[in-house]
Amino acid sequence: MPPPSAWISAFVATLVGFGGTVALVIQALQALGATGAQIGTALTALCLGIAIGSAVLSIHQRVPVILAWSTPGAALLAGVSGLSWEIAVGAFVFAALVGIAFSLIPALGRLAAAIPHAITAAMLAGVLMPFCLNLFRLGSIDPLLVASLVILFLVARQRIPVYALLVVLGAGIMLALARGQIGAVAPGAVFGSLVPAPIALDAGALASIGLPLFFVTLVSQNLPGLAVLRGAGYPARPTPLLLGAGLASLAAAPFGGHAVNLAAITAAICTNEEADPEPRRRWKTGLLYGGFYLLLAAFAPVLVRQFLALPTTLIAALTGIALLPPLGAAIGSLATAPQDRDAAILTLLVTASGVSMFGLGSALWGIVAGLLALGAARLLKRQ
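Notes on the overall build of the protein
A tally of regular secondary structure across the protein gives 18 helices and two strands. Relative to the compact-globule value of 21 Å for 383 residues, the protein shows a C-alpha radius of gyration of 20 Å, a close match. Along the first, second and third principal axes, the C-alpha set of the protein runs to 65 × 50 × 45 Å. Taken over 383 residues, the protein has a buried fraction of 55%. Element-wise, carbon and sulfur atoms account for 70% of the exposed surface of the protein, whose accessible area totals about 16,200 Å².

Here it is in structure tokens:
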């Protein structure tokens, strides 16, 4: 029987992982044209993928494996325009298949690893930056909301960093309630259901959405997730863990789930000695975490409608604040390779610009621009 501390850690990790970023996921799926019912199905599928994947991997590996949805991936999708829901779902399936192939085919792993980290980090920063900038643009519309939430976030990051996003979410909802800004909750289903989404394949979307979705998930979620497990003293073998996350993504994708991956922040909650002083028993925390996500999957449609009733300014503000930590980490990564800095800055700016050409989005063009600049710089140095 797991100790009480394991139950508490798993519950807190669930609250932080779901509550801190669900607003961003909903915003991303709305931007892609998903209806309220389709968003409910997508969240049900994501929560089921996280629940079953975490439980199965934890039991199989005897390691506390904590899965989550891709937060930077959702940010990437929220910035997309002019894409139909059917084509977006096709890109989700493609990204999951690439993730599975990456875990099983060494040549693909070497190809992805050949892209300099500064370029991929810059692409991630470019994806996240527009949302963080929009947070402060909202200050001209609702200065009280932005100022109070940002100040609260900064204080919470110093005092209780793990719970900072959860505190901001609660405060934002309380402020909206006090100001009478929460609309009526639309009627609909109470319990989650899985209704397959229509799927359409588009070469441009696969290249400009599917591949960047895979890359940002790998660089910003899966690799840090492996590092957290290793830092906690567990011999995390990449192949079974990345394969498990890829299969969970593939199971969720046909229902509109964008990506499932190894968690980092929430994994740290479940893998330290506060979860369970006995490391060999700690895998049960991953099992409990999966159980809590199973409950979220059961009631996903209700939760989605609750968030859709919130004011759009609050959703945008919560999204921007949730992305501040990963943006800071991505920008910090640019300083680790000064020889690649010019190419990385070019990647960041092209990606953040939102430029779209030939049906291909800015994330792909950012990588292309960065790699071309990097190749030119290295060629000139040889002459």
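From this point, the discussion proceeds with the structure in view.
What to know about the environment of G183
Tracing the chain through its elements places G183 in the loop between α9 (164-178) and α10 (203-231). According to the relative accessible area criterion, G183 is partly exposed, its value standing at 36%. Each C-alpha atom of the pair G183 and Q306 lies 9.1 Å from the other, and the pair is 123 residues apart in sequence.

A word on unusual backbone geometry
Even without glycine at this site, R62 takes up a positive phi of about 55 degrees. With respect to the helices, strands and loops of the structure, R62 is situated in the loop between α3 (36-61) and β1 (67-69). Residue classification places R62 among the partly exposed positions, given a relative accessible area of 46%.

Remarks on the side chain of Q221
As for its placement among the helices and strands, Q221 is situated in helix α10. Taking the relative accessible area as the measure of exposure, Q221 reaches 10% and is therefore buried. Not counting the four nearest positions on each side in its chain, Q221 is found in contact with W69, S70, T71, P72, V216, N261 and L262.

Focus: the nonpolar core
The biggest cluster of nonpolar side chains holds 128 residues, and the ones touching the most others in it are L43, L67, W69 and W85. A per-element tally of this core places helix α7 (residues 117-137) first, with 13 residues.

A few points about the state of the cysteines
Working definition of a disulfide: a covalent bond connecting the sulfur atoms of two cysteines. Applying the stated criterion across every chain yields a total of zero disulfides. Sulfur of C270: no disulfide; nearest cysteine sulfur belongs to C47 and is 15 Å away.

Side note on the packing of aromatic side chains
Throughout the structure, instances matching the rule amount to seven aromatic pairs. Seen from their ring centres, F18 and W69 are 5.4 Å apart, and the 50 degrees between their planes marks the pair as tilted. Of this pair, F18 sits in helix α1 (residues 4-19) while W69 is found in strand β1, placing the two residues 51 residues apart along the sequence. W69 shares its class with F18; the two are buried. With a centroid separation of 5.3 Å and an interplanar angle of 55 degrees, the aromatic rings of F214 and F215 are classed as tilted.

Some words on helix α2 (residues 22-31)
Burial analysis of α2 places seven of its 10 residues in the buried class, the great majority of the element. Three or more residues of α2 are buried, namely V22, A23, L24, V25, I26, A28 and L29.

Overview of the confidence of the model for the protein
Of the residues in the protein, 96% have a pLDDT of 70 or more, and the chain-wide mean is 85. Element-level pLDDT for the protein is lowest in helix α6 (residues 106-114), with a mean of 70, against a maximum mean of 94 in helix α5 (residues 85-104).

Some words on a nonpolar patch on the surface
Together, L104, I105 and L108 make up a nonpolar patch on the protein surface, roughly 250 Å² of accessible area in all. Mapped onto the elements, I105 comes out in the loop between α5 and α6.

Notes on the environment of P2
Within the secondary structure layout, P2 lies in the segment before α1. The buried category is assigned to P2, whose relative accessible area is 16%. Sequence-wise, P2 and R281 are 279 residues apart; in three dimensions their C-alpha atoms are separated by 7.6 Å. Not counting the four nearest positions on each side in its chain, P2 is found in contact with W7, K284 and L288.

Some details on the side chain of R282
With respect to the helices and strands, R282 occurs in the loop between α12 (265-271) and α13 (283-298). Apart from residues lying up to four places away in sequence, R282 is in contact with P64, Y234, C270, T271, N272, E273, A275, D276 and P277.

Some words on the packing of helix α15 (residues 312-322) against helix α16 (residues 324-334)
As a packed pair, α15 and α16 sit with axes 4 Å apart at the nearest point and diverge in direction by 35 degrees. Two secondary-structure elements touch here, α15 through G320, I321 and A322 and α16 through L324, P325 and P326. Its residues placed into classes, the contact of α15 with α16 shows five nonpolar, one polar and no charged.

Quick look at the packing of α1 against α13
Two measures define how a pair of helices packs: the angle their axes make with one another and the distance between the axes. Where α1 contacts α13, the two axes come as close as 8 Å, and the packing angle between them is 45 degrees. By the angle between their axes, α1 is oblique relative to α13. Both α1 and α13 take part in a crossing whose hand is right-handed. Note on element contacts: α13 touches α1 through T285, L288, Y289, F292, Y293 and L296, opposite A6, W7, S9, A10, F11, A13, T14, G17 and F18. In terms of residue class, the contact of α1 with α13 is made up of 11 nonpolar, four polar and no charged.

Overview of α16
All buried positions along α16 are accounted for by L327, A330, S333 and L334. Seen from one end, α16 has its buried residues packed into an arc of 120 degrees, which puts them on one side. Check the buried side of α16 and you find it contacts α7 and α17 (341-353).

Here is what the cut-offs are and how they apply
Residues numbered from 1 in each chain as written. Predicted model: local features only at pLDDT ≥ 70, side-chain atom pairs only at ≥ 80, totals over all residues. Heavy atoms only, no water. Helix = DSSP H or I, 4+ residues; strand = E, 2+ residues; numbered from the N terminus. Rg over C-alpha atoms; globule rule 2.2 N^0.38 Å. Buried < 20%, exposed > 50% of the residue type's maximum accessible area, 1.4 Å probe, protein only. Areas by Shrake-Rupley, 256 points an atom, 1.4 Å probe, with all protein chains shown as cover. Contact = heavy atoms within 4.5 Å. Core = buried A, V, L, I, M, F, W, Y, C linked by side-chain atoms within 4.5 Å. Disulfide = S-S within 2.5 Å. Phe/Tyr/Trp six-rings, centres within 6.5 Å; stacked < 30°, edge-to-face > 60°. pLDDT = per-residue confidence, 0-100. Patch = residues over 30% accessible without salt bridge, like charges linked within 9 Å, V, L, I, M, F, W, Y side chains within 5 Å. Salt bridge = Lys/Arg side-chain N within 4 Å of Asp/Glu carboxyl O. Axes fitted to C-alpha atoms, helices over the stretch in contact; angles between N-to-C directions. Nonpolar A, V, L, I, M, F, W, Y, C, P; charged D, E, K, R; others polar. Parallel < 35°, antiparallel > 145°, perpendicular 65-115°, else oblique. Left-handed = near helix turned anticlockwise from the far one by under 90°. Arc of directions from axis to C-beta.

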